[in-house]
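Observations on chain architecture
Listed here are the chains, written in short residue letters.
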Amino acid sequence: MTKTLPAAKAPTARERLLSAANELFYAEGVQTVGIDRIIERAGVAKASLYNTFGGKEQLIRAYLDSRHTRLTERLRRAVDAAGSPRDRLLAVFDAQTELFAEQDYHGCAFMAASAEAKHGSTIEEASDISRAWIRALFTDLARDAGAPDPEALGRRLHLLYDGAVASARMDRDPSVGAVARETATIVIDAALPTGA
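In what follows, the accompanying structure is described. (Residues numbered from 1 in each chain as written. Predicted model: local features only at pLDDT ≥ 70, side-chain atom pairs only at ≥ 80, totals over all residues. Heavy atoms only, no water.)

A word on the nonpolar core. The biggest cluster of nonpolar side chains holds 60 residues, and the ones touching the most others in it are F25, I38, L64, L75 and Y161. For this core, the leading source of residues is helix α4 (residues 56-81), giving nine residues. (Core = buried A, V, L, I, M, F, W, Y, C linked by side-chain atoms within 4.5 Å. Buried < 20%, exposed > 50% of the residue type's maximum accessible area, 1.4 Å probe, protein only. Helix = DSSP H or I, 4+ residues; strand = E, 2+ residues; numbered from the N terminus.)

Written as structure tokens, this is what we have:
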């Protein structure tokens, strides 16, 4: 008797819209890309977008939330795979270096979207949440590594992380990830007690 495998489930309208938004918003910008292009790329009716998200700003927020989920998963995997607490701090920069090397890397989706957003918008809020998560990750890892002032070390590493993002995008130079990691090593070693 031959078993038949269940047919693959077709993506929902929500999934197709988010996929199209991820592709187009990330490559071209959240304000540059109009709703009609998203709908066309997703292959759904305009009503599907409004019924699912309510409007473009809510779609942008869902796009940013999905980017945040992918970012946190990437960084958590890298940190969890690292050995010592010091290596866990550096693993964030290793993950960043891998991201910079991706062919479709267009910089930070949150920096780009918030640059185009109105102050106080849900778009700015999504960017703030993502940035706060990264700062908290650095601070928690610094605390685990025994830093006497984990908030200060977290802030310094976050600044370095952001600078690497801007440099990789603006200079179109993925090798900046290695420079950021090297600099992070110096900053971390200066901040940690001897033997930590």
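The next point concerns the layout of surface pockets. Computed from the structure, the largest pocket encloses a volume of approximately 580 Å³. With six residues, the top contributor of residues to the lining of the largest pocket is α4. A volume near 240 Å³ is recorded for the second largest pocket. Taken together, the elements giving at least two residues each to the lining of the second largest pocket come down to α1 (13-28), α6 (109-116) and α8 (150-170). For the lining of the second largest pocket, the element with the highest residue contribution is α6, accounting for five residues. Here the lining of the second largest pocket is composed, by residue class, of 13 nonpolar, three polar and three charged. (1 Å grid on protein atoms, 1.4 Å probe; cavity = no way out; pocket = protein on both sides within 12 Å on 5 of 7 lines; lining within 4 Å. Points joined across faces, edges and corners; volume = space filled by probe spheres on them. Nonpolar A, V, L, I, M, F, W, Y, C, P; charged D, E, K, R; others polar.)

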